[in-house]
Amino acid sequence: MTPISRTGASRRTLATLVCGALAAGGLAAAGATALTPGAASASSHREAPLISGTPQYDNTDVYAFVSPDKPDTTTIVANWIPFEEPAGGPNFYTFADDAQYDIHIDNNGDAQGELIYRYTFKTHRKNGNTFLYNTGPVTSLDDPDLNITQTYDIDLLRLHNQRLVSKTKVADDVPVAPSNVGKASMPDYAKLRHHAVTKLAGGSTTFAGQADDPFFLDLRVFDLLYGGNLSEVGRDTLKGYNVNSIALQVPNDMIRESEGQPIVGIWSTTQRRDARGHYTQVSRLGMPLVNEVVNPQKDKDKFNASAPWDDAQFLKNVTNPELPKLIEGIYKIKAPAEPRNDLVDVFLKGVKGLNQPPHVRPAEELRLNTSIKPTMHPKRLGVLDGDNAGFPNGRRLGDDVIDAALQVVEGELVGSKNDLGDAVDKNDKGFEKYFPYVALPTSGSRGALAKGTTSGTDVRSQLGDALQPAGTDAGGKTDTMLIAGSAAAGAAGILLIGSGLLWWRRRMYNRAY
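Residues numbered from 1 in each chain as written. Predicted model: local features only at pLDDT ≥ 70, side-chain atom pairs only at ≥ 80, totals over all residues. Heavy atoms only, no water.

Draft legend 1. The arrangement of the overall build of the chain in detail. In terms of regular secondary structure, the chain is built from 10 helices and 13 strands. Put simply, the chain has 513 residues, and 50% of those count as buried. Summed over all atoms, the accessible surface of the chain reaches about 23,900 Å², with 55% contributed by carbon and sulfur. (Helix = DSSP H or I, 4+ residues; strand = E, 2+ residues; numbered from the N terminus. Buried < 20%, exposed > 50% of the residue type's maximum accessible area, 1.4 Å probe, protein only. Areas by Shrake-Rupley, 256 points an atom, 1.4 Å probe, with all protein chains shown as cover.)

Draft legend 2. View of the packing of aromatic side chains. Counted by the stated rule, this structure contains 11 aromatic pairs. Both rings, one in Phe303 and one in Phe314, keep their centres 5.5 Å apart while their planes meet at 65 degrees; by these two values the pair is edge-to-face. Taken as a pair, Phe303 in helix α5 (residues 297-304) and Phe314 in the loop between α5 and α6 (315-319) lie far apart in primary sequence, 11 residues in all. As far as the burial class goes, Phe303 and Phe314 line up, both buried. The ring of Phe207 carries Arg193 above its face, with NZ or CZ at 5.0 Å from the centroid. (Phe/Tyr/Trp six-rings, centres within 6.5 Å; stacked < 30°, edge-to-face > 60°. Lys NZ or Arg CZ within 6 Å of the ring centre and 35° of its normal.)

Draft legend 3. Up close: the pairing of strand β10 (residues 242-251). Burial runs high along β10: 10 of the 10 residues are buried. Because side chains alternate across β10, one face comprises the buried residues Asn242, Asn244, Ile246, Leu248 and Val250, and the other comprises Val243, Ser245, Ala247, Gln249 and Pro251, equally buried. Bridge analysis of strand β3 (residues 73-84) against β10 gives 9 bridges, and the strand direction is antiparallel. What sits directly across from Asn79, in β10, is Ser245. (Pairing = 2+ DSSP bridges.)

Draft legend 4. Spatial organisation of helix α9 (residues 401-409). Within α9, 9 of the 9 residues are buried, which leaves the element mostly enclosed by the surrounding structure. All of the buried residues along α9 are Val401, Ile402, Asp403, Ala404, Ala405, Leu406, Gln407, Val408 and Val409. Gly411 lies just past α9 and shows a positive phi near 100 degrees.

Draft legend 5. Quick look at the pattern of salt bridges. Enumeration over the complete set of coordinates arrives at 19 salt bridges. Linking Arg272 and Asp98 is a salt bridge whose minimum nitrogen-to-oxygen distance equals 3.8 Å. With Arg272 in strand β11 (residues 263-273) and Asp98 in the loop between β3 and β4 (99-106), the pair connects residues that are 174 residues apart, well separated along the chain. On the accessibility criterion, Asp98 (19% relative accessible area) is buried. Across the pair Arg380 and Asp400 runs a salt bridge, and its minimum N-O distance is 2.6 Å. Taken together, the positions of Arg380 in the loop between β13 (366-369) and α9 and Asp400 in the loop between β13 and α9 put the pair 20 residues apart, joining distant regions of the chain. (Salt bridge = Lys/Arg side-chain N within 4 Å of Asp/Glu carboxyl O.)

Draft legend 6. Representation of the packing of helix α8 (residues 341-349) against α9. Two numbers describe how α8 lies on α9: the axes approach to 10 Å, and their chain directions differ by 150 degrees. By the angle class used here, α8 and α9 are roughly antiparallel. For the pair α8 and α9, contact is made by Asp342, Leu343 and Phe347 and by Ala405, Val408 and Val409, respectively. Broken down by class, the residue content of the contact of α8 with α9 amounts to 5 nonpolar, no polar and 1 charged. (Axes fitted to C-alpha atoms, helices over the stretch in contact; angles between N-to-C directions. Parallel < 35°, antiparallel > 145°, perpendicular 65-115°, else oblique. Contact = heavy atoms within 4.5 Å. Nonpolar A, V, L, I, M, F, W, Y, C, P; charged D, E, K, R; others polar.)

Draft legend 7. Broad picture of the environment of Asn59. Locating Asn59 in the fold gives a position in strand β2 (residues 59-66). Separated by 184 residues in the primary sequence, Asn59 and Val243 have C-alpha atoms spaced 9.7 Å apart.

Draft legend 8. Spatial organisation of the confidence of the model for the chain. Scored by pLDDT, the chain has a mean of 80; 73% of the residues are at 70 or more. Note on residues 1-43: pLDDT is under 50 here. Beyond four places in sequence and across chains, it has 129 contacts. Across residues 459-513 the pLDDT falls below 50, and counting only partners more than four positions away or on other chains, this stretch makes 23 contacts in the model. (pLDDT = per-residue confidence, 0-100.)

Draft legend 9. View of helix α1 (residues 189-196). Those residues of α1 lying buried are Tyr189, Leu192, Arg193 and Ala196. When α1 is viewed along its axis, its buried side chains cluster within an angular range of 100 degrees and face the same direction. Contact partners of the buried residues in α1: β7 (163-175), β8 (198-199) and β9 (205-212). (Arc of directions from axis to C-beta.)

Structural data, given as structure tokens:
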């Protein structure tokens, strides 16, 4: 195994109708906010027709930031599988075995990846004779009760002008943190997370596993403008949902071109293997929101299969965006004049003097200046609020990209000052202070207690020795009798019900014909 060791300002709601007159060509002097259809689309949650049907390959978000506790390193977080229901068993959430999950790094601004960190996964099953993800409480990643496990390899590919120069195995057989089934199955999930954080040679650190979805927004705009009466706003639609995360922390010197050119471009892709063994790119993500509210339907699948150096084909979607016209048509807030070169500068080139590399080729990437130190007091609007360590200089987990992007799209940088937002200003869970920084995943046993029970009550203790903690007998050994008996009883019940339904259907069929 290659790894060395393991370590563990208040704003008005988006949907508030404009209270007062709208100034001609802009917002009222009072600074009102307005509902914006389509603006609250998740970063890449089901963003294109084809990828929406294959969630294992669907990259939801990418984050890149100088590590707050290790400013000589950069942390990249890429997430997959949108809207993971925590209790969604018995087949919980795994990375695909037939995919390449790639993190691309462009260190000279030419829209070509000079480095690719490639993650590939393998699923392992201990017992095929049970439907259970785990057959008892799981206390470690190698616990025999964890029936379904995954491991992964990391390869570092170095390229020049899109041609492979070298390929190095960075890590192999690294364990993945499992899905958080619930408190009975995983009584100390934080311990499992800790054991899945793995140090690599050269000062890098990696993690793969389930996490709380760090993206926060109100997504219900698609219900004909928040329920049809503008009352359903300000609720984090992704609250309670999880994602599968890949997190990689690398020394800045490993990814930037030089100390004098510290700006890197970052994006991720997913390649899926076909029946012939060939890989095809099916998902791509760098800057948030591009393939949701910038690209029209006809370009969404094409964008997911494309590469940044070919982004000139989508340029008109940025210079002549649809969203401001929709807002103007509904709320009479005048759209900024086109072409929108300000959007090209911010979202395709980087902000000049901040995170725009020399000789930059416009492309959809997260651009991060690795020489800018993290601030002790981050501001959710990042650069718009004077915090140059935040979005669009990379993207931190707590950056409010919906509000920031919306304000820029509505002309914040070309004289149309505004205070637009979706009334969701932070994630429902606090982020960790140390790598991998993402919050622990929501447990499958979340929710209100059953009527008549109290917190901490273990029903099994009230039933006597006949019911031991799942998967063990009185001596602590594995005991499948209870599981087998319960399964047999359930199967018998299903057979009985099925026989009755079959008899009823035959009777009805005979009566009809």
